Amino acid sequence: MINQVTLVGRLTRDPELRKTSDGLPVTTVTLAVSRQFRNQHGEIEADFVQCTIWKKPAENTVQYCRKGSVVGVTGRLQTRHYDNKEGKRVYVTEVVAESIRFLGAKPNYAQAEPPPTVTVTVTKEELPF
């Protein structure tokens, strides 16, 4: 079976680096990907795709990308679920990035102070590997 996704889009917000309880760096970004056609009003719409990036690519994304940065993501589609606070089952479909390319002009973000790191608890069942 083949499960491969390739997307090119713009980040909808600044990425934030988090770390699992095991110390693995991770960031979750949303890509705005333009559709290839216009709607009935002549406008180009976009799809907003959730992407999870792990390890060194996550660190590089947080360091070099900001809201509006154009990136290319190659990865696999993954669906998972969890029970929310109200006890309802919530399904999440996301792209787990295997590689990411920064496609826009080279920004001058590296000289800025790096964003803070947030530690979160991620269970082994949530890890994609």
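These numbers come from a predicted model, not from an experiment.

A.B. asks: In this structure, what is going on with the packing of aromatic side chains? I would like to understand it.
C.D. replies: The relation between two aromatic rings is expressed through the spacing of the ring centres and the mutual angle of the planes. Throughout the structure, instances matching the rule amount to one aromatic pair. A centroid spacing of 6.4 Å and a plane angle of 45 degrees characterise the contact between Tyr 64 and Phe 102, whose relative ring orientation is tilted. Pair noted here: Tyr 64 is in helix H1 (residues 55-64) and Phe 102 is in strand E6 (residues 89-102), with a separation of 38 residues, a long-range link. For Tyr 64, a relative accessible area of 33% corresponds to the partly exposed category.

A.B. asks: Looking at this structure, I do not really get unusual backbone geometry. What am I missing?
C.D. replies: Located in the positive-phi region is Lys 55, a residue other than glycine, with phi close to 60 degrees. Inspection of the secondary structure puts Lys 55 in helix H1.

A.B. asks: Can you walk me through H1 in this structure?
C.D. replies: Think of an α-helix as 3.6 residues a turn; residues three or four steps apart then line up on the same face. All of the buried residues along H1 are Ala 58, Thr 61 and Val 62. Projection of H1 onto a plane perpendicular to its axis shows the buried side chains occupying an angular sector of 95 degrees, all on one side. Packed against the buried residues of H1 are strand E3 (25-38), strand E4 (44-54) and E6.

How each quantity is defined
- Residues numbered from 1 in each chain as written.
- Predicted model: local features only at pLDDT ≥ 70, side-chain atom pairs only at ≥ 80, totals over all residues.
- Heavy atoms only, no water.
- Phe/Tyr/Trp six-rings, centres within 6.5 Å; stacked < 30°, edge-to-face > 60°.
- Helix = DSSP H or I, 4+ residues; strand = E, 2+ residues; numbered from the N terminus.
- Buried < 20%, exposed > 50% of the residue type's maximum accessible area, 1.4 Å probe, protein only.
- Arc of directions from axis to C-beta.
- Contact = heavy atoms within 4.5 Å.

Note that all results are geometric; they support no functional claim without further evidence.
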